[in-house]
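Listed below are the residues making up each chain.
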Amino acid sequence: MQKQNKSLSKGLIVLKQIMASTKPLTANILCQKLQIDKSTMSRLITTLMNEDFIEYKSSTKEIILSDILKKIIHKDDREKIVEKTSGLLDEIFYLTEECSYIGIFDNNSVLYLNQVDKSKRVLKTRNSVGLHAPIHTNGFGKAILAFKEDINLETIELKKFTSNTITSITKLKKEIELIKERGYAIGNEEHEFGLCSVAVPYFNKRGEFVGTVGVSGLTVRMDEQKLHEYGQKIFKLVNPYA
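Residues numbered from 1 in each chain as written. Predicted model: local features only at pLDDT ≥ 70, side-chain atom pairs only at ≥ 80, totals over all residues. Heavy atoms only, no water.

(A) Up close: the sheet that holds strand E4 (residues 109-116). The strand order E5-E4-E3-E8-E7-E6 describes an open sheet built from six strands, whose pairing is antiparallel. In this open sheet, the two edge strands, each paired with only one partner strand, are strand E5 (132-134) and strand E6 (185-188). On average, each strand axis in the sheet is tilted by 35 degrees relative to the strand beside it, whichever way the strands run. Looking at chain direction, E4 and E5 are connected through three bridges and run antiparallel. Paired with Val-110 across the bridge in E5 is Ala-133. (Pairing = 2+ DSSP bridges. Helix = DSSP H or I, 4+ residues; strand = E, 2+ residues; numbered from the N terminus. Axes fitted to C-alpha atoms, helices over the stretch in contact; angles between N-to-C directions.)

Rendered as structure tokens:
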């Protein structure tokens, strides 16, 4: 058996500690947690920074993962989300016969990770996978605002896109309370005229919020009554024991 590289092992232990932490760490805290002396820790941190694995938060001495490593981790996480929800999107499509999506929170917007449309319609919803949408203008985004607990509503830019767009923080807060009460969110021509959506929150087996799933399509096929009907059906499908 090859002799283990002790420096590499210690560096990986430090990196794993930083990755596992829910808040930024300092060198002193890492020394205490891992029982590594300050001079060794300094060398390990410098090496990890030089290799773009970690960085200091702003002008502080708090250590966080680098943007590059975050992107790698997020890509892996997002691929797992797509894999685990592909069957659910199929079920939502067959339940409604409308294009189904899963959206997640990304940079104060909705990021569409996947969509399913197996209809034979000539006029279909465009491919939105990988695209962002303003979070306050559609069912997916408003469901995120209602059920993802760590979002600061004051940081959301309530830009107007149509006459239906919510541009008042007071009105948005009332809408969020309504969404929490009924379990689903509706977007009705709030981003583009002629388009509507309905979405419900999706949680993993540990009860952690992951994103929102639902459908989007043309208002000529889905009036407000139909949107509420789909919202209730999708909610029951995703939350059978609720």
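(B) Summary view of the nonpolar core. In terms of nonpolar packing, the biggest core is built from 24 residues, with Ile-92, Val-198, Val-213, Val-215, Ile-234 and Val-238 touching the most fellow members. Put simply, the parts of the chain that give this core at least two residues each are helix H4 (67-96), strand E3 (99-106), E4, strand E7 (195-203), strand E8 (209-218) and helix H7 (224-238). Tallying contributions element by element places H4 first for this core, with five residues. Judged by nonpolar contacts, the second largest core, of 23 residues, contains Ile-156, Leu-158, Ile-166 and Ile-179. (Core = buried A, V, L, I, M, F, W, Y, C linked by side-chain atoms within 4.5 Å. Buried < 20%, exposed > 50% of the residue type's maximum accessible area, 1.4 Å probe, protein only.)

(C) The pairing of E3, seen in detail. Within E3, six of the eight residues are buried, leaving the element largely enclosed by the surrounding structure. In this structure, E3 lies alongside E4, joined through seven bridges in antiparallel fashion. Note that in E4 the partner of Gly-103 across the bridge is Tyr-112. Where E3 folds back on E4, the antiparallel hairpin that results is connected by two residues, among which Asn-107 adopts a positive phi of roughly 55 degrees.

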